[in-house]
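Chain by chain, the residues:
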Amino acid sequence: VSGFDINMYREMFAEEAEELFDTLDNVLLEAEEQGDLSDEQMIELFRAMHTLKGSGSSVELQFMTKLAHKTEDFMDKLRNHEIAYQAEMASLLIDCTDTLKELLEMEMDDSCDEDTFQSKTSHLMSQLETYLSGNAPAPAAPAEEPAAAAEPEPVAQESAAPAEEATDSSNFGLFTDDTPSDGDEGTIFGFFNDSSKAPTKVTATVADDGGAFGFFNTTPRESELKAEEVSEAPTPKPAAPAPAPAPKAAPAPAAKPVEQKAAPKPAAPAPTPAPKAAAAPAAKPTGGSAVKKPGAAGAEGGDRKAASKSAASNTIRVNLTKIDALMNNVGELVITNAMLSQFATSISDQKVQDSIMERLELLTRHIRELQESIMSIRMVPMENIYSKFPKVIRDIAKKLNKKVEFKHFGDNVEIDKAMIEGLTDPLMHIIRNSMDHGLEMPEERKESGKPETGTITIAAEQSNGQIIISIKDDGKGINIDTVVNKAITKGVITEDKLSSMTDEDKAMLIFEAGLSTAEAITDLSGRGVGMDVVKTNINKLGGVVRIDTKPTIGTTITFVLPLTLAILDGLDVAVGDTRYILPLNAIVESLQPKADMIKRIGDGGNELLMLREEFIPIVRLYKLFNEEPKYSEPTEGMLIVVKSGNHKVAMFVDEFLDQHQVVVKPLDKNFRNVQGVGAATVRGDGTIGLILDVMGLIEEQKRVEEFKRQAKSVA
Amino acid sequence: VAKILIVDDSNMLRDMLKYALVDGGYSDVTEAVDGVDALEKANASQFDLVITDINMPNMDGFELIQELRKLNNYKNSPLLVLTTERSDEMKGKGKSAGATGWIVKPFLPDQLIQAVSMVLNKK
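Treat the numbers as computed from the prediction; the structure is a model and nothing was measured. Residue positions are counted from 1 within each chain, in the order its sequence is given. To label them, take the chains in the order written and letter them from A, then take the ligands in the order written and number them from 1. Local features in this predicted model are restricted to residues whose pLDDT is 70 or higher, and side-chain atom pairs enter the listing and the counts only when it is 80 or higher, whereas totals over whole chains, interfaces and linings include all residues. Heavy atoms throughout the structure, all of them, feed into the side-chain values; hydrogens and water do not.

So, about the overall build of chain A. Each helix corresponds to a stretch of at least 4 residues labelled H or I by DSSP, and each strand to a stretch of at least 2 residues labelled E; elements are numbered beginning at the N terminus. Secondary structure summary: chain A contains 20 helices and 21 strands in total. Think of it in three bands: with a 1.4 Å probe and only protein chains considered, a residue is buried below 20% of the maximum accessible area for its type, exposed above 50%, and partly exposed in between. A buried classification covers 48% of the 715 residues belonging to chain A. Contacts are assigned to residue pairs with any non-hydrogen atoms lying within 4.5 Å of each other. Counting contacts in chain A only where the partners sit at least 6 residues apart, residues at least 24 apart contribute 71% of the total. A 1.4 Å probe and the Shrake-Rupley method give the accessible areas. Residues count as covered only by the protein chains that appear here. Carbon and sulfur atoms make up 53% of the accessible area of chain A, which totals about 33900 Å².

Structure follows, in structure tokens:
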């Protein structure tokens, strides 16, 4: 039959699971805070866990499903008040959720086995079990309800019921009525038979081991069930009504208790309450056709509603790769448009040229609008990021014994989806760091007249085509002297350099490699990620990091990020015969220096531009890129001062040309990483343009300086 | 071809269901994300079969079935519930809501198709 591509569904599931985990986390966190769980919350928990289990088993994630199942049982009992909620349950359930995430991740890359599962879950399972058995009388308890719900039906007439049949391993069959229990592990399908119609066709079912399907018969008269008549015979025909008049609903083949109860009272409760386990293995997709999902599926499929009450939500879900592809197409369009424009300038008939140019301009405008529309599709609200934090903050606060309140602003500020991934880790790290090093212990806070509970505030805003995200704590601030001392001992900066540094520059030293304080390597801020990685990651997103710290008042760390990674405004600069592109947002100013503004230090190898009391290292681009320059003296060419973070350098180029929008094509995907070159683009004339990576160039320049210094000291 | 309405709040499960149905020859499949959505769609056009999840926001599967049974157009239509369990509780609820039958998930595509063809032929 069909070949499900299970991996595709697994990915879809993983996406959905993330939302479900968020729901679970948020509800549980609230519960933990309130020390209580409302009925509504219980239902929400149960629903999320139930979906996790159901969907998880459908994509054959057996381990995750197993734990989800147990947790769901527990939540079910909570929901039905068979177990009374106790405050400490929140923590257990949070642990369960965490472990579920872990299991999911492991199973997604097939790195989970029975032993791992046991070691990760045995303690959780046993705790759940304790609650389950301790507070709930017996697993069989719920069995009464079904009895009540089912109409009392006379066990009757077999004549009416042609047995429909069990297929091969009888994964499927029909129940007459209330067959109380199909054989536990059995049936996967059943009818609730509505007597009003079709009285005659009731069916019997199979129920042996694997039935996935069955009917319920509500009809009083039609159903009947005889326990002895086990239709376990594997009749080969699938759904064909069996000609035999008599066979009727057969409960589980061998279940004795069923027999007894079933006969007098069809609605009798199943003796075996939990037959579900068997279902999971049955889910293996059969057949092997490697077909991916048909085009039809998903075409109209994406309706998904936010938590809103209204059903008809007007949104669809689209895979990000589709949007990327669209964006890419527009990128090509931009390039083609540039080519056309360039070609148009070569048309000799001025009149023709003018009117073509005029229309091309219109085209350019439309393309830009198209670009903007696509960009807006890629944008997601910051709340997607924020939602992950309360849980992390709670965990850390617990570990550190600190009290923390998390505030967030700008939930609706939109950000490029592609940026979220790169942004989450740095934010997480800053938060960890603030909580670990910034916020004081409650007693300490009290003594210094602050509220015991510290506050971490994240705010996002959009301005001037940039996203500004700030993370603020009301802790003790960064001790700049400690940082500076450390920086000097570690050789990150020299004493003489210190004099020209502002307080912000000094505080920024915490983002230098090798400067993390000893405690920072605890398991908390740990994970082997230092603050330097935060800066690098933000720089990679084309953003910069700023810091503002005040003793006893707190620290604010700000990320300034471009709205998108896909397009940037660039300035063409000429170095020899080559033109490079400098990102416009990195440029501070440009000038043609006078001779007295250029200072040489040391043996003259290092040049500095003295600009309004500030010394800025000069980078001769032609040297870095091995070009033959038009000019070899800065006074003849141009200096472009660029900035990345707190570092400025002056790029020496022959001249600068025009400024335009370029479509960023990553270099590492198409070629390989090159120090100093961040990405590439295709120009209007079809040639490749290299986009300079200002940060990388500054690093490169520092590396060269360092190399020279060492070489000198060796000499 | 029979018109089938599938109702589930999980994208993935809807996709899987639809895939299995289309693959099994039931190409006329409409999706709904919950009971409210389904009811709207069921009102707008007549389906030969409705397969619904039980646990959904806004309106769950049992409620949906109760509501559908109130409509003349669905008085006798086959309505299947998708469930993760086989418990008597589920069955009791399903029956009293007026459901025709149930399918346990996870399901094999073949099983689903068999079940579907059976309820459709039964009519």
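Alright, that's what it looks like, and here's the rest.
The next thing to look at is the packing of helix α2 (residues 39-58) of chain A against helix α3 (residues 62-79) of chain A. Residues and elements named next belong to chain A. In contact at an axis separation of 9 Å, α2 and α3 are set at 155° when each is read in the N-to-C sense. What the angle tells us is that α2 and α3 run roughly antiparallel. The two elements α2 and α3 meet at a crossing, and its hand is left-handed. Contact residues: Met42, Ile43, Leu45, Phe46, Met49, His50, Leu52, Lys53, Gly56 and Ser57 in α2; Met64, Thr65, Ala68, His69, Thr71, Glu72, Met75, Asp76, Leu78 and Arg79 in α3. Between N-to-C directions, angles cover 0 to 180 degrees, with each direction set by a line fitted to C-alpha atoms, over the stretch in contact for helices. To sort the angles, those under 35 degrees are grouped as roughly parallel, those over 145 as roughly antiparallel, those from 65 to 115 as roughly perpendicular, and the leftovers as oblique. Take the far helix as the reference: if the near one is turned anticlockwise from it by less than a right angle, the crossing is left-handed, and if turned clockwise, right-handed.

Moving on, we get to the pairing of strand β15 (residues 614-620) of chain A. Looking down a regular strand, the side chains alternate between one sheet face and the other. Residues and elements named next belong to chain A. The buried count for β15 comes to 5 of 7 residues, which makes it a mostly enclosed element. Only strands that DSSP links by at least two bridges are regarded as paired with each other. By the bridge criterion, 4 bridges tie strand β14 (residues 606-611) to β15 in an arrangement that is antiparallel. Residue pairing for β15: Leu611 is matched across the bridge by Glu614. Where β14 hands over to β15, the hairpin turn is made up of 2 residues, of which Arg612 adopts a positive phi near 45°.

This brings us to the confidence of the model for chain A. pLDDT runs from 0 to 100 and stands for how confident the predictor is about each residue. Considering every residue of chain A, the mean pLDDT works out to 72; 69% of them sit at 70 or more. This stretch, residues 194-211 of chain A, has a pLDDT under 50; its non-local contacts, to residues over four places away or in other chains, come to 100 contacts.

It is worth spelling out the packing of aromatic side chains at this point. All names here are of chain A. When two rings of Phe, Tyr or Trp (its six-membered ring) have centres within 6.5 Å they constitute a pair, described as stacked for plane angles under 30 degrees, edge-to-face for angles over 60, and tilted for the intermediate range. For the structure on display, the rule yields 5 aromatic pairs over all chains. Aromatic pair Phe74 and Tyr131: ring centres 5.6 Å apart, planes at 45°, arrangement tilted. Taken together, the residues Phe74 in helix α3 and Tyr131 in helix α5 (residues 114-135) connect sequence positions 57 residues apart. You can call Phe74 buried: its relative accessible area is 0%.

All right, on to helix α14 (residues 480-489) of chain A then. Residues three or four positions apart in an α-helix share a direction because the helix packs 3.6 residues into each turn. All names here are of chain A. All of the buried residues along α14 are Ile480, Val483, Val484 and Ala487. Mapping the buried residues of α14 onto a view down its axis gives an arc of 95°, with all of them on the same face. Away from its buried face by more than 90 degrees, α14 exposes Asp481 and Thr489. At its buried positions, α14 is contacted by α15 (495-498), α16 (503-508) and β8 (544-550). Whenever two N or O atoms come within 3.5 Å, that pair is a polar contact, provided that in protein one can donate a hydrogen and the other can accept it, and provided that, for residues adjacent in sequence, both atoms are side-chain atoms. At the N-terminal boundary of α14, the capping side chain belongs to Asn479, with an oxygen 3.1 Å from the backbone nitrogen of Asp481. With its phi angle positive at about 75°, Gly491 sits one or two positions after the end of α14. Along the arc lie the directions from the helix axis toward the C-beta atoms.

Moving on: the sheet that holds strand β20 (residues 677-682) of chain A. An order of β18-β10-β11-β21-β20-β19 (chain A) is seen for the 6 strands of this open sheet, with the pairing classed as mixed. Since the sheet does not close on itself, it has two edges, and those belong to β18 (655-663) and β19 (665-666) of chain A, each with one partner.

Turning to the side chain of Gln353 of chain A, a few remarks are in order. Residue and element names in this part refer to chain A. Relative to the helices and strands, Gln353 resides in helix α9 (residues 350-378). Residue Gln353 is classed as buried on the basis of its relative accessible area, which comes to 11%. Of the polar contacts made by the side chain of Gln353, one reaches the backbone oxygen of Thr345; its length is 2.6 Å. Side chain to side chain, Gln353 and Gln350 meet in a polar contact 3.2 Å long.

Okay, the nonpolar core next. The nonpolar core is taken to be a set of buried Ala, Val, Leu, Ile, Met, Phe, Trp, Tyr and Cys residues, with the residues joined through side-chain atoms within 4.5 Å. Counting residues in each nonpolar core, the largest one holds 52 residues, and the members touching the most others are Phe13, Leu52, Phe74 and Leu78 of chain A. Counting residues per element, the ones that place at least two in this core are α1 (6-34), α2, α3, α4 (89-108) and α5 of chain A together with α1 (11-23) of chain B. In terms of residues, this core owes the most to one element, α1 of chain A, which gives 13 residues. Leaving out residues up to four positions away in the same chain, Leu78 of chain A has contacts with Leu37, Met42, Ile83, Ala84, Tyr85, Met89 and Leu93 of chain A. Counting 50 residues, the second-largest nonpolar core is a separate cluster that includes Phe389, Leu423, Ile480 and Val534 of chain A.

Okay, α4 of chain A next. All names here are of chain A. Multiplying one less than the number of residues by 1.5 Å gives the expected span of a helix. The end-to-end C-alpha separation of α4 is 28 Å, in line with the 28 Å expected for 20 residues at 1.5 Å each. Where burial is concerned, most of α4 is hidden: 14 out of the 20 residues are buried. Trailing α4 by a residue or two, Asp110 shows a phi angle of about 55°, which is positive.

Residues and elements named next belong to chain A. Definition used for salt bridges: Asp or Glu carboxyl oxygen within 4 Å of a side-chain nitrogen of Lys or Arg. The final tally for this structure, using the stated rule, is 34 salt bridges over all chains. The residue Glu18 makes a salt bridge to Lys388 at a minimum N-O spacing of 3.4 Å. One end of the pair, Glu18, is in helix α1; the other, Lys388, is in the loop between α10 (383-386) and α11 (389-400), with 370 residues separating them in the sequence. Put simply, Lys120 and Glu102 hold a salt bridge, and the shortest N to O gap is 2.8 Å. Of this pair, Lys120 sits in helix α5 while Glu102 sits in helix α4; the two residues are 18 residues apart in sequence, bridging distant segments of the chain. According to the relative accessible area criterion, Lys120 is partly exposed, its value standing at 27%. Here the salt bridges do not stand alone but share partners, grouping Asp25, Glu32, Asp98, Lys101, Lys391, Arg394, Asp395 and Lys398 into one network.

Below, the discussion takes up unusual backbone geometry. Residue and element names in this part refer to chain A. Although it is not a glycine, Glu60 sits at a positive phi angle of roughly 60°. In this structure, Glu60 sits in the loop between α2 and α3. Its identity is not glycine, yet Thr552 carries a phi of approximately 65°, on the positive side. Topologically, Thr552 is positioned in the loop between β8 and β9 (554-562). Classification of Thr552 as exposed rests on a relative accessible area of 54%.

With that settled, consider the sheet that holds strand β6 (residues 454-463) of chain A. Residues and elements named next belong to chain A. Read from one edge of the open sheet, 5 strands run β4-β6-β7-β9-β8, paired in mixed fashion. With one partner strand each, in any of the chains shown, β4 (404-409) and β8 form the two edges of the open sheet. Averaged over all pairs of adjacent strands, the angle between their axes in this sheet comes to 15°, without regard to strand direction. Note that strand β7 (residues 466-473) and β9 share 8 bridges and pair antiparallel. Following the sheet pairing, Ile468 is matched in β9 by Val560. The strands that α11 touches are β4 and β6; relative to β4, the one it contacts most, it runs at about 160°. Along the sheet, helix α12 (residues 417-438) contacts β4, β6, β7 and β9; its crossing angle with β9, the most-contacted strand, is approximately 170°.

Residue and element names in this part refer to chain A. Here Lys623 shows up in helix α18 (residues 621-625). What makes Lys623 exposed here is its relative accessible area of 59%. Linking Lys623 and Val575, residues 48 residues apart in sequence, is a C-alpha distance of 9.9 Å.

Surface patches are defined over residues having more than 30% relative accessible area and no salt bridge, joining like charges when they lie within 9 Å and nonpolar side chains (Val, Leu, Ile, Met, Phe, Trp, Tyr) when within 5 Å. There is a patch of nonpolar side chains on the surface, built from Leu340, Phe343 and Leu363 of chain A and spanning about 280 Å² of accessible area. Mapping Phe343 of chain A onto the fold places it in helix α8 (residues 320-344).

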